[in-house]
Amino acid sequence: MIGLEKAEKTASKRFYIESYGCQMNFSDSEIIASILSAEGFDATRDAEHADLVLLNTCSIREKAEQTIRQRLTEFKRIKRERPGMLVGVLGCMAERLKGKLLEEERLVDLVVGPDAYRTLPDLITEAETGTKAVNVLLSREETYADISPVRLDSNGVTAFVSIMRGCNNMCAFCVVPFTRGRERSRDDQSIVNECSELVERGFKEVTLLGQNVDSYYWVDPVSGHAVDFAMLLEKVALISPTLRVRFSTSHPKDITDRVLHTMAMYPNICKYIHLPVQSGSNRILQLMNRTYTREWYIAKVKRINEILPDCAISADIIAGFCTENEEDHLDTLNIMRESDYAYSYMFMYSERPGTLAAKRYTDDVTPEIKKRRLAEIVALQNQLSLDSNQRDVGKVFEVLIEGDSKRSAQQWMGRNSQNKVMVFDKSKDGVKPGDYVQVKATACTQGTLIGSIVE
Ligand code: SF4
């Protein structure tokens with residue numbers, strides 16, 4: 001009987017997975033872990049003794065793919081010693097390169113795209129016969145809504161919940177629409193169920209994930225009832241007043257006042273918004289196909305400050321996009337000052353094959369200029385972050401304890417509603433990760449608020 005044999009045969013099988021890139025990928029690895037454990041695989045942290053090694057990859061910049069190629073060379077040695085071990089490349093690099101990856105990286109047995117993880121068990125069986133296995137079909141429906149993620153490396157306090165997949169925007173520099181396909185939202189009830197289950201298991205914070213959460217839109221096929229992002233946020237916030245709700249990533253063209261008012265209505269929806277800007281120049285924003293202007297963006301920031309005065313904002317910023325000149329660069333520095341970001345993710349433009357920019361524009365800003373402009377952006381952001389933290393010194397924040405501080409086991413680490421990291425002494429008996437405490441900020445660095453528990 002194939003099923004039992006397979007179950008018995010695979011029961012002892014172990015898989016090892018490494019995840020790279022965005023939080024979406026880490027969440028996908030938890031879906032993959034669930035699919036494999038249902039097949040009798042056990043997760044192991046030890047690649048040397050794994051029967052299946054999986055790399056869940058990112059393709060957002062050239063460097064991300066180089067990291068994977070380097071990692072694959074390191075697995076060559078293990079594979080030589082254990083030829084039966086299977087190596088699989090999953091995620092965005094797998095989707096971008098497809099079967100070509102097998103030609104370029106001989107030790108790879110499996111290539112599986114972000115929408116094909118359900119077929120992993122069959123692909124593994126195929127690869128176990130010595131045949132290279134590939135499935136990179138993108139889907140317009142797949143959301144893995146019925147698969148309960150297996151939390152990997154979890155602190156037992158915070159968890160990510162994906163609410164949608166893919167992206168319908170076509171930002172000129174971005175590979176995501178090609179590697180993750182068209183946008184599709186997950187049914188709201190399965191999201192509420194997953195969050196409720198996490199609450200029952202003692203988790204205290206969920207982050208709702210999507211490439212562009214503001215375009216979340218689910219229509220119940222039976223009732224025809226539609227749920228948009230503001231409604232979903234409210235449903236999740238109503239699960240429990242002690243469940244913190246975060247979300248990422250927002251899009252300046254789609255974020256609505258209704259979302260902001262919903263955030264204002266519920267204290268447990270955290271006052272933090274990640275609002276990528278990418279550039280401050282209208283000319284560059286147009287070339288990037290970001291579909292908004294700097295004036296539109298600034299108006300959104302003002303609206304956030306009006307409705308949510310204590311809300312922190314962070315951004316993604318690209319330095320050195322095609323044809324960017326000094327004036328464009330100064331526009332970016334100015335929009336950072338006007339938006340007063342608490343922190344940002346800042347990168348040099350990296351041309352990605354197959355994107356609109358790669359097809360239409362020349363990557364003509366020299367690496368030296370990209371580097372210098374990025375350094376100026378980072379220096380400004382460091383100052384903005386320090387100023388923002390210094391303004392918080394003296395204030396008391398409700399902090400969710402996540403665990404020990406990296407620096408000292410005598411200190412707790414947690415975050416306030418604004419998603420700022422706070423570290424403070426373990427001065428109060430009986431508190432543990434998952435507890436909320438009132439912490440007064442007494443000092444700060446650019447990246448951390450330092451404080452003490454107040455009763
Ligand atoms: S919104 Fe733009 S940058 Fe973000 S995932 Fe979609 S295409 Fe990429």
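If you're wondering where the values come from, they're calculated on a predicted model, not measured in any experiment.

A. Highlighting the overall build of the protein chain. Counting its regular elements, the protein chain contains 15 helices and 21 strands. Radius of gyration (C-alpha) of the protein chain: 23 Å, near the 23 Å computed for a compact globule of 455 residues. Considered along the principal axes of its C-alpha atoms, the protein chain spans approximately 65 × 60 × 50 Å. Partitioning the intrachain contacts of the protein chain with sequence separation of at least 6 by distance along the chain shows that 71% fall at a separation of at least 24. Just so you have it, the protein chain exposes about 19700 Å², and 54% of that area is on carbon and sulfur atoms. Within the protein chain, the 65 negative side-chain charges are centred at a point lying 2 Å from the centre of the 59 positive side-chain charges.

B. Here's a closer look at the site of the ligand. The full set of residues close to the ligand is C167, N169, C171, F173, C174, V176, P177, Q211, H251 and R290. Here the shell around the ligand is built from residues that sort into six nonpolar, three polar and one charged.

C. Quick look at the pattern of salt bridges. Within the structure shown, the criterion is met by 47 salt bridges. Residues R14 and D51 are paired through a salt bridge, measuring 3.8 Å at the closest nitrogen-oxygen approach. Highlighted residues: R14 in strand β1 (residues 14–19) and D51 in the loop between β2 (42–43) and β3 (52–57), separated in sequence by 37 residues. Take R14: its relative accessible area is 34%, and that puts it in the partly exposed class.

D. Examining helix α6 (residues 120–128) more closely. Along α6, the residues classified as buried are L120, P121, L123, I124 and A127. Along the axis of α6, the buried residues cluster in a sector spanning 160°; they form a single face.

Parameters and conventions
- Residues numbered from 1 in each chain as written.
- Predicted model: local features only at pLDDT ≥ 70, side-chain atom pairs only at ≥ 80, totals over all residues.
- Heavy atoms only, no water.
- Helix = DSSP H or I, 4+ residues; strand = E, 2+ residues; numbered from the N terminus.
- Rg over C-alpha atoms; globule rule 2.2 N^0.38 Å.
- Contact = heavy atoms within 4.5 Å.
- Areas by Shrake-Rupley, 256 points an atom, 1.4 Å probe, with all protein chains shown as cover.
- Lys, Arg positive; Asp, Glu negative; His and termini not counted.
- Charge placed at Lys NZ, Arg CZ, Asp CG, Glu CD.
- Near = heavy atom within 4 Å.
- Nonpolar A, V, L, I, M, F, W, Y, C, P; charged D, E, K, R; others polar.
- Salt bridge = Lys/Arg side-chain N within 4 Å of Asp/Glu carboxyl O.
- Buried < 20%, exposed > 50% of the residue type's maximum accessible area, 1.4 Å probe, protein only.
- Arc of directions from axis to C-beta.

In short, geometric facts, not functional conclusions.
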